[in-house]
Amino acid sequence: MNQKSTWSKIKGWSLFLPVMSLLLVMAVNIIHDVAIGANPLSFFMITLRQTTGNGTILYGRIIDILNRGSEVAILALGMTLVVSSSAGTDISVGSVMSLCASFCCMLLAGYGVSSTSTLAVPLAVGVLGGIGIGVICGMFNGTLVAYFHIQPMVATLILFSAARAIGLLLCNDLIVYVRNSTFGFFGSFLGVIPTPFVIAVICIVIISLLLKKTALGMYIQSVGINSKASRIAGLNSRRIIFMTYLICGLLAGIAGIVAASRITSADSNNIGLYFEMDAILAVALGGNSLGGGKFKLAGSIIGAYTIQAITTTLYALGVSSTQAPVFKAIIVILIVAIQAPPLQAYFKKRNAAKQVKGVIS
Amino acid sequence: MKRQTKMNGHTILLLITIGLFVVLYAGGCIAYGSKGFAHLQTFLNILITNAGLICVTCGLTIVMLTAGIDISVGALIAMDCMILATGMRSGMNAVVMILIVLVIGIAFGIFQGFLVGYLEIQPFIVTMAGMFFCRGMTAVICTEQVSITEQTSKLFYAWANAKINIPFGGYINNKGKYMVPYIRPSVVVALLLLLFTFIMLRHTKLGRSFYAVGGNAVSAAMMGLNVKKVKLCAYMLSSIFCSIGAVCYCLNTMAGSVSQATGLEMDAISSAVIGGTLLTGGVGNVIGSFFGVLINGTISSIVKTNGKLASSWPNILTAALLFLFIVIQSVFAMMRSRKK
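So, how was this worked out
Throughout, a residue's number is its position along its own chain's written sequence, starting from 1. Think of it this way: whatever chain is written first is A, whatever ligand is written first is 1, and the rest follow in order. Since the coordinates come from a predicted model, pLDDT governs what is reported: local features require at least 70, and pairs of side-chain atoms require 80 or more to be given and counted, while whole-chain, interface and lining totals use all residues. The side-chain values count all of the structure's non-hydrogen atoms but skip hydrogen atoms and water molecules. Numbering goes from the N terminus for both helices and strands, where a helix is a DSSP run of H or I of at least four residues and a strand is a run of E of at least two. Throughout, exposure labels follow a simple rule: accessible area from a 1.4 Å probe, protein chains only, divided by the maximum for the residue type, with under 20% read as buried, over 50% as exposed, and the rest as partly exposed. Note on contacts: a residue pair qualifies if any of its non-hydrogen atoms lie within 4.5 Å across the two residues. Per-residue accessibility takes into account occlusion by the displayed protein chains alone, with areas from the Shrake-Rupley method and a 1.4 Å probe. A positive count includes Lys and Arg, and a negative count includes Asp and Glu. His and the chain ends are not counted in either. Charged side chains are reduced to one point each, which is NZ for Lys, CZ for Arg, CG for Asp and CD for Glu. Any Phe, Tyr or Trp ring, taking Trp's six-membered ring, that has another such ring centre within 6.5 Å forms a pair; planes under 30 degrees apart are called stacked, those over 60 apart edge-to-face, and the others tilted. Each ring is checked for a lysine NZ or an arginine CZ that lies within 6 Å of its centre and within 35 degrees of its normal; such an atom marks a charge sitting over the ring. Fitted lines through C-alpha atoms give the axes, limited to the stretch in contact for helices. The angle between two N-to-C directions lies from 0 to 180 degrees. In these notes the angle categories are as follows: under 35 degrees is roughly parallel, over 145 is roughly antiparallel, 65 to 115 is roughly perpendicular, and the rest is oblique. The sense of a crossing depends on the near helix, which, turned anticlockwise from the far helix by less than a right angle, makes the crossing left-handed and, turned clockwise, makes it right-handed. Only Asp, Glu, Lys and Arg are considered charged, only Ala, Val, Leu, Ile, Met, Phe, Trp, Tyr, Cys and Pro nonpolar, and every remaining residue, Gly among them, polar.

**Q** Sorry, what's going on with the overall build of chain A here?
**A** For chain A, the count of helices and strands is 16 helices and seven strands. Taking all 361 residues of chain A together, the buried fraction comes to 51%. Here the analysis covers contacts within chain A between residues at least 6 apart in sequence; of these, 73% occur between residues at least 24 apart. Roughly 16,400 Å² of accessible area belongs to chain A as shown, and the carbon and sulfur atoms make up 68% of that amount. Across chain A, the mean location of the 23 positive side-chain charges is 21 Å away from that of the 8 negative side-chain charges.

Laid out in structure tokens, this is it:
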């Protein structure tokens, strides 16, 4: 009896689903490693490796997941807030990432230059410029959603198609290379730890402090649950929705800089492609309702790294990158179907029937 | 009385859409008349290149009327084209392949509709998974580009190159030869589908129930409509129309490849929105969506005729138009709510 209540306590835990899916992915890895006769724990192995340029770095599959999944984790932070406050998704984040990367590289290389190793302006100017463009994009989306009452998906559809195209225009339809080690820093290693992960952690800490230490987190949830009631209670609903889009744009800018720095170039066509889907998926995987209201930041972050873990696992299993989406789709459908209210109600009903039977007998 | 003013608001939006198309097209004719933009054939070419998109937008309009969204259409087109191309390469008959594609479309639509309607999962997530699935399946079938030639299927090749001449509006080209304007069979299919959707949405019980469910699902259920079934039907129709669109699309490209029709779902959504369909459901018209497609087509046609503009301009211009339209829509909505 006692055991059962612990189990139901675990099941009732808000992060049950995201943590379960992450554990499941790890289990698949272990089974696969056992099947091919490798060390069963090779998934968790972290070793120190010498590289030609950077000296010593941490190496291992987990490190790789933490490194590669950081952009989606950063985006998922902003997406969680947007989904919570406005019950809609910001589908422009991938394109905005690309625009920020292009603008940053254009500033650093100078307009019309396609490859350079010396920076035209100080690094800080380029990076802050890129992030600034992200903030402007976020403000544009926020204005449309909060003040013009346009459905979030339609409002962000504008920048979804325009931002990437503007980025291409800024780069003259070329891939701008900034071959400079100082710019490459954001996508490489800080000591032994991957810099993208450090940036993601800093973003997570700042955002969660902002939400916990100020009332913003509660305001966002209350606007998401009922924006009219919040307004009557004295909250400026519009400004709060606007703020969440601004934060989302800012984080998209940061993710864009990281993505550009990783390849030390602005590949407008490919940076951030389908990242908006991954970010939305991370929010849904984290157990957050896409209908707005209450949110769990930790869930979204775990969701983001789970997606990366799935991708890495699929590559390890020998699935090619173009075929991987099939499995992703199946996993997504399974996870959301389990959460679906009609199925939940069905299970509850069956459990209740079982209990009644137990009492009678 | 109230209802009349509401109807008027939507009619004005539709008129603005049509007016904008006329202005855009007339502007193109004046600016690039010397490059042949004013010929009837240019307009027909817009129809030919966008035949697939018209079919997809019809289906998407229905889904959007029920307050849903279907972003799997682009990927479904890629998968259908790949199935058509590989099937014909292995010697299957074109008619059989088209039937197979349609059946796949129906099955896919029913599955998505079931998840949205009966399991109440958000449409965005379901169709996003559908998109991933179709894109991935395309790669599973074949990762390379498979083209359809005269050798692989004579029948399909003949359809793709068939011309339906139009008896008026021809012109004499600079070699002194009279050019008869023509359309392709795919345009006929697309226009028939448009007509079918228009009549269905206007005059059938199912068509009206799409509006009812999108307008307010709870009151629709109280009225005795089977909301779940209506939603399932919407997604099924969307996928069938999309499969028909895929055949039209394939007749244009004559190939199947993984990267085909990427971003087509967004073109279709923006066309429907420009045409006055609201994503919140219950409001919209398939004729508006048709003009939305034409506006998109005209923009890219103008950019192509100019020849000097960068390839990213159509995207930026469409986005700017979308911006203009949704701001007008929202101003209208605000004015209406103030009147009340």
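This is not the end of the story, as more comes after the structure.
**Q** Before we go on, may I ask you to explain the packing of aromatic side chains in this structure?
**A** To describe a pair of aromatic rings, you give the distance between the ring centres and the angle between the ring planes. Counted by the stated rule, this structure contains 14 aromatic pairs over all chains. Between Phe114(B) and Tyr118(B) the ring centres are 5.7 Å apart and the planes differ by 20°, which places this aromatic pair in the stacked class. With a centroid separation of 6.3 Å and an interplanar angle of 65°, the aromatic rings of Phe156(B) and Trp159(B) are classed as edge-to-face. Residue Phe156(B) and its partner Trp159(B) are located together in helix H7 (residues 154-161), separated by three residues, close to a single helical turn. Take Trp159(B): its relative accessible area is 31%, and that puts it in the partly exposed class. Grouped by ring-pair contacts, the aromatic residues Phe21(B), Tyr25(B), Phe37(B), Phe43(B), Phe290(B) and Phe291(B) constitute a single cluster. Stacked on the ring of Tyr177(A), the Lys or Arg Arg179(A) has its end atom at 4.5 Å from the ring centre.

**Q** Explanation requested: the packing of helix H13 (residues 275-285) of chain A against helix H14 (residues 297-316) of chain A in the structure shown.
**A** A pair of packed helices can be characterised by two numbers: the angle between their axes and the separation between those axes. Residues and elements named next belong to chain A. Where H13 meets H14, the axes come as close as 7 Å, and the angle between the chain directions of the two elements is 125°. On the basis of their axis angle, the class for H13 and H14 is oblique. Read as a crossing pair, H13 and H14 show a hand that is right-handed. The residues of H14 that touch H13, namely those facing Asp 278, Leu 281, Ala 282, Val 283 and Leu 285, are Gly 299, Ser 300, Gly 303, Ala 304 and Ile 307. Of the residues contributing to the contact of H13 with H14, the split by class is six nonpolar, three polar and one charged.

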